[in-house]
Amino acid sequence: MHLAFMRLRSEVLTGKGKETMKKEEKSAWIQTILMGNKALFIVLALGIFLTIASPAFLSSRNLLNVVRQVCVSTLLSIGFTFALAGGYIDLSIGTLMGLCGMILGKLVVEARMPLVPAILIVLVIAVIGGLLNASIISVFSVPAFVVTLATQSIFKGANYLISDLVPISGLPESLLFLGQGYLFGIPVPIYIMLAIVLIAWVLMNRTKFGRYVLAVGGNAEAARAAGISIRQINYGVYIICGLCAGIASVIMTGRVGSAQVSAGVGMEMDAIAAVVIGGTSMNGGNANVFGTLFGCLLVGIVNNGMNLLSIDTNWQVIAKGVLILFAVVIDVVSARAQARRLNRQAQAGR
Amino acid sequence: MEETILRMKGIQKWFVGINALNNVDFELKRGEVRALIGENGAGKSTLMKILLGIHQPDGGEIEFLGKPAHFREPKDALNAGISMIHQEISLIPGMDVAENIWLGREDRFSKGGLIDTRSRYQETAKLLESLGIHVDPKKKVAGLSVAMMQLVELARAVSYNSQLIIMDEPTSALTAEEIELLYTIVRKLTKQGVTTVFISHKIEEIFTICTSVTVLRDGQMISTVPLDGRLSTDELIQMIVGRDVSHAFVKREVEIGDVVFEAKNFTSEGVFRDVSFQIRAGEIVGFSGLMGAGRSEIARAIFGIDRHTSGSLYMNGREIHNANPRQAIRNGIGMVTEDRLRMGAIYTMSVKHNTTIANLFRMTKLGLVRGKMENDDFAKVSKELAIKYAREKDLIKSLSGGNQQKAILARWLLTKPKLLILDEPTRGIDIGAKMEIYNLINSLAESGMAIMFISSEMPEILSLCDRTYVVRNGRLVHEADRAHTTQELLGEYAFGLHEAKK
């Protein structure tokens, strides 16, 4: 090991190192681009493969179908991206969505409430769900993982209780339109999803709040010493998670055409896979909002492709697990490679 | 007799951009008691951890008993004959003394697959007896005093037939009597040819028990000197804290203005007490003293990182309350914290974002960051401080230690504080960057800023500060203006020698 170091040092001293450094910088640059957009590249590669393997894949109907299917999971994953970026996690996001969907169904079908106020009530409830997570984490300083694992079960149970395990159908046309309708030939959920993704990108990359989330996720103690209120960020992140779950519940219910008891169960796993493969680190401190979108598309395309190639649906469950492992391993490996490179840079830069 | 048992040559160690050990050579002869001394962050523990295989070196060679020795983990070092007694007790509280000593080596008492506890107790009793440690081998460790736990750890080290025993501040928790017992044991071991390394902050102790001393500073080996009566306490202190700064930095005289900041009877129960002082505009006030004396704690409480229990703070005569750093910043205070890794830099962020983060709340419009304002501010301040970076988007951890520290300084300059607290701002950075930072501090004072300057390096305090307080055991024990501050005086008060003289 010391030999390698001595060589590096002598290279720097003789100037021969300069070329190596440049070459290294270039390869580092390529690495950064590849790693930063790995989800996009995998989506493209997979798309090409599927086009060859199954001509049905490239039809605009199938493609729109894929995107329409991932709208709900993208919305959840956007919330999840904020949680991970801030160094938190939200495992309750899926069942919170399911609970909200059920409440929405109850409101519009059983209480015959008009759609708009019903949606507003559902969003408020979703935010309260997020606030519940945040306040327990903040007040008792309990790890987010444990808290949201518990509330995941609580939200699921609440759903079972109020629904009596009976799904609600007979939803009004206006709600179905939000989940199934088309506008200018493009499904309505896609508009909603793209709008939320754009807003999320701005929030994460162009606002003080987003910067603070990244700072807290990167180094909470240092962020506090720089004048950031960690509590506020904690609350902010979970409010966003709640809101995303609330919006997703509206689309989900509209798309399925009924409020399902088991809606959203297990969807946090899809979110983890999509967000991490999209380039947001599990360790907090960075976020890639568009990466999350591509990550969701990737999960969607894998499922769609397996359907087209008529592979057993049970394999799809396994494929999702493999995808998560793949994403996490890539995350760790690329972080380690980056750390090594930076260390070398700092040594040579002195 | 003069056999060299350990040879460490050209040891290098880097921690993200910080040169923790720079080309350190370290040798030990059989039977010596070596003191390893230096300020915190000087590299003492890092050097020993490399020897034990807890850290891997980035360069250099290690030879133990004539064989290359690159251990992958402490177990390997232990089997080769090196033990370390850490400051934190590493015994298992629920087990008794004998179980702890032979942990992991139960095989030697094995009888048909079961542990022969009787012979284990006998063996333990014999071992403790030979060392003069009076404790029942059957006693649970949880019921022992800290001192006795430490002695049990020592006994464990001896039971491994260790040729080299490293002790990290072994006497910090011991009473005078227990210290004597420890010394007796060490002398006994020395006679048997065991080599001991004492990592210590206690000057007095070094002169009592050690036969030679190695001084480390800023990851550099300063010198190794035999303790044969020729080295004086003052000389040793100077070796620890000082470098020749005569050529390096000349303080420019600054006109001192009105009182900017005042602390009155500022107290945090059990940490520091009745701290009262003022800092005027343009004044650089030093806070000297040992690590753990309470300097950083006072600063952290002023800045709202930690809580305080009583006392009050005033800014320009108006009382202020800093429940958290956020309020402190809004009250016109900035602070460069001591531990850059943990409390300062956000390593997942770019240089630019690290620099602007504390002032970001003044750079927004409807929550949106005003990009041009941020860019301009960063460009200006990074030029002013000559921060070297390739691209502003580069992560701050790709910078050298000195440039990282300049970026953190820049972060606080952007907030335009009236009082700037600097806690060990030059630790772990190279001499060139240090000089730049001294000059910068000087210019800040010239611009009318009040500066609270905490440092363990006395030359730094001597050359930079208009006035200096010495902190000891959580109190301000001494105040002197520039003309009346000398290294000897600061050292005396810091080490508590003035109390002994009384």
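Conventions adopted
Residues numbered from 1 in each chain as written. Chains lettered and ligands numbered in written order. Predicted model: local features only at pLDDT ≥ 70, side-chain atom pairs only at ≥ 80, totals over all residues. Helix = DSSP H or I, 4+ residues; strand = E, 2+ residues; numbered from the N terminus. Contact = placed C-beta atoms within 7 Å. Rg over C-alpha atoms; globule rule 2.2 N^0.38 Å. Buried ≥ 20, exposed ≤ 12 C-beta atoms within 10 Å, placed from the backbone. Expected span 1.5 Å × (residues − 1). Arc of directions from axis to C-beta. Axes fitted to C-alpha atoms, helices over the stretch in contact; angles between N-to-C directions. Parallel < 35°, antiparallel > 145°, perpendicular 65-115°, else oblique. Nonpolar A, V, L, I, M, F, W, Y, C, P; charged D, E, K, R; others polar. Domains from an automatic or database assignment. Core = buried A, V, L, I, M, F, W, Y, C linked by C-beta atoms within 7 Å. Pairing = 2+ DSSP bridges. pLDDT = per-residue confidence, 0-100.

> Give a detailed account of the overall build of chain A, specifying residues and quantitative values.
Helix and strand counts for chain A come out as 15 helices and two strands. Of the contacts made within chain A by residues no fewer than 6 positions apart, 79% connect residues no fewer than 24 positions apart.

> If you had to explain the overall build of chain B to someone new, which residues and values would you point to?
The secondary structure content of chain B amounts to 18 helices and 24 strands. In terms of overall dimensions, chain B is globule-like: its C-alpha atoms have a radius of gyration of 26 Å, near the 23 Å expected for 502 residues. With the C-alpha coordinates aligned to their principal axes, the bounding extent of chain B is approximately 80 × 55 × 45 Å. Counting the 502 residues in chain B, one finds 48% classified as buried.

> Outline helix α3 (residues 38–53) of chain A, supporting the account with residue identities and numerical values.
Residue and element names in this part refer to chain A. An ideal rise of 1.5 Å per residue puts 22 Å on 16 residues; α3 measures up with 22 Å between its terminal C-alpha atoms. When α3 is considered as a whole, its buried residues turn out to be Lys38, Ala39, Ile42, Val43 and Leu50. Viewed end-on, α3 has its buried residues packed into an arc of 125 degrees, placing them on one side of the element. Those residues of α3 that are exposed and angled more than 90 degrees off the buried face are Leu44, Ala45, Ile48, Thr51 and Ile52.

> How would you sum up the packing of helix α4 (residues 117–131) of chain B against helix α5 (residues 146–159) of chain B? Please name residues and give values.
Helix-helix packing is described using two parameters, namely the angle between the two axes and the distance between the axes. All names here are of chain B. Close contact between α4 and α5 brings their axes to 10 Å; oriented N to C, the two are set at 105 degrees. Judged on the interaxial angle alone, α5 and α4 are roughly perpendicular. Here α4 contributes Leu127, Leu128 and Leu131 to the contact with α5, which in turn contributes Ala155, Val158 and Ser159. Here the residues of the contact of α4 with α5 are counted per class, giving five nonpolar, one polar and no charged.

> Residue-level account of the domain arrangement of chain B, with values.
According to the domain assignment, chain B contains domain 1 (4–241), domain 2 (245–332 + 417–502) and domain 3 (350–415). Relative to domain 3 of chain B, the C-alpha centre of domain 1 of chain B lies at a distance of 44 Å.

> I'd like a description of helix α7 (residues 144–163) of chain A, backed by residues and values.
Think of an α-helix as 3.6 residues a turn; residues three or four steps apart then line up on the same face. Residue and element names in this part refer to chain A. Taking 1.5 Å per residue as the helical rise, α7 with its 20 residues ought to reach 28 Å, and the 28 Å between its terminal C-alpha atoms agrees with that figure. Taken as a whole, α7 has its buried residues at Ala144, Val147, Thr148, Thr151, Gln152, Phe155, Lys156, Asn159 and Ser163. Along the long axis of α7, the arc covered by the buried residues comes to 165 degrees, so they all point the same way. Exposed residues pointing more than 90 degrees away from the buried face of α7 are listed as Gly157 and Leu161. In this fold, the buried residues of α7 make contact with α5 (93–110) and α6 (115–140). Within two residues after α7, Asp164 carries a phi angle of roughly 55 degrees, on the positive side.

> So what's going on with the nonpolar core? Residues and values would help.
The biggest cluster of nonpolar side chains holds 174 residues, and the ones touching the most others in it are A:Leu76, B:Ile451 and B:Met452. Examining the composition of this core, we find that 14 residues originate from one element, helix α12 (residues 230–256) of chain A, more than from any other. Built from parts of two domains, this core gets at least three residues from each of domain 2 (245–332 + 417–502) and domain 3 (350–415) of chain B. Ignoring any residue separated from it by four or fewer positions in sequence, one finds B:Met452 in contact with B:Ile279, B:Val285, B:Phe287, B:Ala299, B:Leu419, B:Ile421 and B:Leu422. If you look at the next biggest cluster of nonpolar residues, it comprises 59 residues, including B:Leu36, B:Ala69, B:Ile101 and B:Val152.

> Describe the interface of chain A and chain B, with residues and values.
Residue-level contacts link 30 residues of chain A with 38 residues of chain B. If you tally residues by element for the side of chain A that touches chain B, the top one is helix α10 (residues 208–218) of chain A, at six residues. Here the residues of the side of chain A that touches chain B are counted per class, giving 12 nonpolar, 12 polar and six charged.

> Describe the pairing of strand β4 (residues 59–64) of chain B, with residues and values.
Each regular strand shows side chains that alternate between the opposite faces of the sheet. Residues and elements named next belong to chain B. Both strand β1 (residues 4–15) and β4 contribute to a ladder of five bridges, which runs antiparallel. The partner of Leu6 across the bridge, within β4, is Phe64. Note that β4 and strand β5 (residues 67–68) share two bridges and pair antiparallel. Looking at β5, one finds that Glu63 is bridged to Pro68. The antiparallel pairing of β4 with β5 creates a hairpin that spans two residues between the two strands, and Leu65 there sits at a positive phi of about 55 degrees.

> Which residues make up the pairing of strand β9 (residues 164–168) of chain B, and what values go with them?
Residue and element names in this part refer to chain B. With four of five residues buried, β9 lies mostly within the body of the structure. Across four bridges, strand β6 (residues 82–85) lies against β9 in parallel orientation. Following the sheet pairing, Ile85 is matched in β9 by Met167. One ladder, built from five bridges, connects β9 with strand β10 (residues 195–199); its direction is parallel. Looking at the pairing, Leu164 lines up with Thr195 of β10.

> Before we move on, could you go through the confidence of the model for chain A and cite the residues and values that matter?
Averaged over all residues, the pLDDT of chain A equals 86, while 87% of them reach at least 70. Note on residues 1–21 of chain A: pLDDT under 50 across the span, and 19 contacts to partners over four residues away in sequence or across chains.

> Describe the sheet that holds strand β24 (residues 475–481) of chain B, listing the residues and the values that go with them.
All names here are of chain B. With mixed pairing, six strands are arranged side by side in an open sheet as β18-β21-β22-β15-β23-β24. Edge positions in the open sheet fall to β18 (333–336) and β24, since each of these has one partner strand only. Sheet twist, expressed as the average angle between the axes of neighbouring strands with direction ignored, equals 20 degrees. Sheet topology places strand β15 (residues 284–289) next to strand β22 (residues 450–454); four bridges connect them, and they run parallel. The partner of Gly286 across the bridge, within β22, is Phe453. Set on the sheet, helix α17 (residues 487–495) makes contact with β15, β23 (467–472) and β24; between it and β23 the angle comes to about 25 degrees.

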